[in-house]
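Working through the structure, step by step
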Amino acid sequence: MTHDAKRDADLAAHRAAIDALDREILARLAARAGHAQAIGRLKEGGVAYRPEREAQVLARVIAENPGPLSGDAVAGVFRQVMSACLALEQPLAIAYLGPAGTYSHAAVDKHFGAAVRGEPCATIDEVFRAAEAGRADYAVVPVENSTEGAVGRTLDLMLATPLSICGEIRLRIRQNLLSNAGSLDRVTTVYSHAQSLAQCVQWLARHLPTAARVAVASNAEAARLAAAEPGTAAAIAGENAAAIYGVAVLAPNIEDEPNNTTRFWVLGRQQVPPSGRDETSLVLSAPNRPGAVHALLEPFARHGVSMSRLESRPARTGLWEYLFFVDLDGHASDPRVATALTELKEKAPFIKILGSYPAAVY
């Protein structure tokens, strides 16, 4: 047998094996979907989306993944399978900061998969209102970026909303320069959201020092503007915006910080049971006297509760009065966390538990 004939025979054998595996996968997917439908009937109209259950499934498949696919790749596949099965139980509408093509849109896709209906909103306030009024089942809102810090409007709105945090998304932000200009030397204007412009300030200074930088409402709007001005305009946005608005990626991965990540919260009306790897977020006030904040945080240290984030925000109730947003490792029902929170409630003038939820898996 010649070399080419042997190669063709080997290719045919591998393709036949893949076809057989595809048929087996299809049968297994059908069986899984049947169980999902049965679960939906047994719930009798109860909550279909179970963040703690989904986090456990994703964590398990990542831990048991034998390769050669990466853990994130396997989790992404299972995320889409769970999304399709969940849609058989209850199609979900998810509000997010739009328009289509924003990083909030990408966060919805990562966490909920493709089988949901996205509800793009013009502002973060409208995202909250959509879920609060029942026009959307859940809301996805940005909380903080690893480079630019907290999203203040989200934190302010958490004070009054009846919604609770029931999930977390961590999205690696890869900024791209999008343009149909053909080359960098033709670009005279760069559109983007103010945060994205700030995340790429060093790259812009090196490569486009004379280009005007114009802040717009969203990265998706920037991509739309770049598409409308193909000869000289560029946008900083993600690859999904490039595809949606028909703009070429002129320079990929231009963010100054290589691990640039944005954290999002999933907001809903349910209280989420423990998943085994959870976080609890809360907001509290401290009396205006020396040592007050230390006294409020002391129960966490004494009971061995790790605090992963502390963010202060003006309280807007008086000059130099502040609220403190705190993230804890663990679920509010965990004995150590519950004991610390009970003591804290006795000391804090104001406290609101924003939610206990599964930590982001991938």
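Notes on the structure follow. (Residues numbered from 1 in each chain as written. Predicted model: local features only at pLDDT ≥ 70, side-chain atom pairs only at ≥ 80, totals over all residues. Heavy atoms only, no water.)

Another point: empty space enclosed by the protein. Scanning the model with the defined rule gives one cavity of 30 Å³ or more in all. Looking at the largest cavity, it is lined by 17 residues, and the ones nearest its centre are Leu58, His111, Glu168, Ala360 and Val361. Across the lining of the largest cavity, the residue classes break down as eleven nonpolar, two polar and four charged. (1 Å grid on protein atoms, 1.4 Å probe; cavity = no way out; pocket = protein on both sides within 12 Å on 5 of 7 lines; lining within 4 Å. Points joined across faces, edges and corners; volume = space filled by probe spheres on them. Nonpolar A, V, L, I, M, F, W, Y, C, P; charged D, E, K, R; others polar.)

Here strand E1 (residues 93-97) lies mainly inside the structure; four of its five residues are buried. Note: E1 against strand E2 (residues 117-121), five bridges, orientation parallel. In the strand pairing of E2, Leu97 is matched with Cys121. Between the parallel pair E1 and E2, the chain is carried across by helix H4 (residues 103-112), and the sense of this crossover is right-handed. Where E1 and strand E3 (residues 138-145) come together, three bridges link them in parallel fashion. (Buried < 20%, exposed > 50% of the residue type's maximum accessible area, 1.4 Å probe, protein only. Helix = DSSP H or I, 4+ residues; strand = E, 2+ residues; numbered from the N terminus. Pairing = 2+ DSSP bridges. Right-handed = clockwise from strand over helix to strand, strands pointing away.)

Applying the stated criterion across every chain yields a total of 22 salt bridges. One salt bridge connects Arg50 with Glu52, and the closest N-O pair in it is separated by 2.3 Å. Taking the shortest distance from any N to any O, the salt bridge between Lys347 and Glu298 comes out at 3.8 Å. Note that Lys347 is positioned in helix H12 (residues 335-347) and Glu298 in helix H11 (residues 292-302), a separation of 49 residues in sequence. One network of salt bridges, in which partners are shared, links Glu144, Glu168, Arg170, Arg263, Glu279, Arg309, Glu311 and Asp327. (Salt bridge = Lys/Arg side-chain N within 4 Å of Asp/Glu carboxyl O.)

A sheet is described by the order of its strands in space; here five strands give the open sequence E8-E7-E9-E6-E10, paired in mixed fashion. In this open sheet, the two strands that pair with only one neighbour each are strand E8 (212-215) and strand E10 (249-251). Strand after strand, the sheet turns through a mean of 35 degrees between neighbouring axes, direction not considered. Where strand E6 (residues 176-178) meets E10, two bridges bridge the pair, whose relative direction is antiparallel. By the bridge assignment, Leu177 is partnered in E10 with Ala251. Sitting on the sheet, helix H9 (residues 219-228) is in contact with E6, strand E7 (189-192) and strand E9 (233-237), with an inclination near 155 degrees to E9. (Axes fitted to C-alpha atoms, helices over the stretch in contact; angles between N-to-C directions. Contact = heavy atoms within 4.5 Å.)

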